[in-house]
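Read off the chains here:
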Amino acid sequence: MTNYKQILQKIEQEIKPFSNEGMVSTSIPELALISPFKFGIHLVDTARVDSSIGDSNEKFSIQSISKVLSLSCAFKFLGENTWSRVGVEPSGNPFNSLVQLEYEKGKPRNPFVNAGAIVIADILVSNLKSPKSDFLNFVRNLANCDTINFNEEVALSEKKVGYRNAALANLLKSFGNIENDVDEVLDFYFHQCSIEMTCKELAHSFYFFANGGYTLAQNHRILTESQIKRLNALMQTCGFYDESGEFAYKVGLPGKSGIGGGIIAIHPQKYCVATWSPKLNEKGNSVMGMKALELLTTETQMSIF
Ligand code: GLN
């Protein structure tokens, strides 16, 4: 059996030279307040063994990582019909880009760029009875943790400066790809992004992607084996925006990043790992998180390729 704890401790030493690279995101004022030198990893393997290092028990803003969870929830309602409203192709563009959406007539490239995630938010607003609290409960059940919450200050802070997301939502609406009131959809989207979790909670909530669709604590089936295959493939090809190729090349696992500095990565049938380090590169992905995951797959000599 692989001793992940030992490997993580080795990575903690090897990663130190990278601690000065990158910058904390300033696009959401409230997020800029975080200490730049936080660093944590939590890995849970399919033998259900937990291994962690650093600040892995501190909550942080999961931001775009939430897009995978909202997609998982929407996929339960719409299945393959989801793809009539949003595509499954890498965008090759920054996450908040507007140009592609205009010339592709309001159908976002994939559910992980902001435009795609806003369409998914619209699907959830249409299908959930109390959208925000039902979605929060969905996430709490995945992680088997009741203390997971929205951070209202972060949601409000993003709303105040969310001009590009408002532009994307209005453009989508003009193409008929938003059913609900634009403000309601954006409110849902800003809240889902503001969810806070620790590395441990995040790794536990994504465990079903490593475990054929079944959750860690209660063995609930969330998605089918075939749906898991599809969403893992989407994370592999689109999870890091215009750096998805680089992540596949260096790490070789499906994953998803967020501008709060978190990254989730999945080795199907083996483990699920969450990293957190707030300093980002120019593509909006955590510098130390990407490096740590590259070291993890190099050190273990295991990736999906
Ligand atoms: N809430 C952020 C936004 O919409 C999420 C971006 C990210 O984490 N990449 O801009």
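So, how was this worked out
Residues numbered from 1 in each chain as written. Predicted model: local features only at pLDDT ≥ 70, side-chain atom pairs only at ≥ 80, totals over all residues. Heavy atoms only, no water. Near = heavy atom within 4 Å. Polar contact = N/O pair within 3.5 Å; in protein donor to acceptor, adjacent residues only side chain to side chain. Areas by Shrake-Rupley, 256 points an atom, 1.4 Å probe, with all protein chains shown as cover. Nonpolar A, V, L, I, M, F, W, Y, C, P; charged D, E, K, R; others polar. Pairing = 2+ DSSP bridges. Helix = DSSP H or I, 4+ residues; strand = E, 2+ residues; numbered from the N terminus. Axes fitted to C-alpha atoms, helices over the stretch in contact; angles between N-to-C directions. Contact = heavy atoms within 4.5 Å. Salt bridge = Lys/Arg side-chain N within 4 Å of Asp/Glu carboxyl O. Buried < 20%, exposed > 50% of the residue type's maximum accessible area, 1.4 Å probe, protein only.

J.: Kindly report on the site of the ligand, identifying the contributing residues and their values.
T.: Taken together, Gln63, Ser64, Phe95, Asn114, Glu158, Asn165, Tyr189, Cys193, Tyr241, Gly258 and Ile259 form the complete shell of residues around the ligand. Between the ligand and the protein, one listed contact pairs a nitrogen atom with a side-chain N or O atom of glutamate 158 at 2.8 Å. Here an oxygen atom of the ligand and a side-chain polar atom of tyrosine 189 are 2.7 Å apart. Here the ligand, which alone exposes 300 Å², has 96% of that area covered by the protein. Considered class by class, the residues forming the shell around the ligand number five nonpolar, five polar and one charged.

J.: So what about the sheet that holds strand E8 (residues 271-276)? Which residues, and what values?
T.: Sheet architecture is open: five strands sit in the order E3-E2-E8-E7-E6, paired in antiparallel fashion. Looking at the sheet topology across the chains shown, the edges are occupied by strand E3 (50-54) and strand E6 (255-257). Pairwise comparison of adjacent strand axes, ignoring direction, gives a mean angle of 10° for this sheet. In this sheet, strand E7 (residues 262-267) lies alongside E6 in antiparallel orientation, the contact comprising three bridges. Residue pairing in the sheet places lysine 256 in a bridge with isoleucine 264 of E7. Packing against the sheet, helix H12 (residues 287-300) makes contact with strand E2 (40-45), E7 and E8, and its axis sits at approximately 150° to E8.

J.: Could you give me a rundown of the pattern of salt bridges, with the residues and numbers involved?
T.: All chains considered together, the criterion is met by 12 salt bridges. Here arginine 230 makes a salt bridge to glutamate 80, at a shortest N to O gap of 3.4 Å. Here arginine 230 is found in helix H10 (residues 225-238), whereas its partner glutamate 80 is found in the loop between helix H2 (66-78) and helix H3 (99-103), with 150 residues between them in sequence. A salt bridge links arginine 85 to glutamate 179, with the nearest nitrogen and oxygen atoms 3.6 Å apart. Residue arginine 85 is found in the loop between H2 and H3, and its partner glutamate 179 is found in the loop between helix H7 (163-174) and helix H8 (182-194); the two are separated by 94 residues along the sequence. Arginine 85 gets classed as buried once you look at its relative accessible area, which sits at 14%. On the accessibility criterion, glutamate 179 (54% relative accessible area) is exposed.

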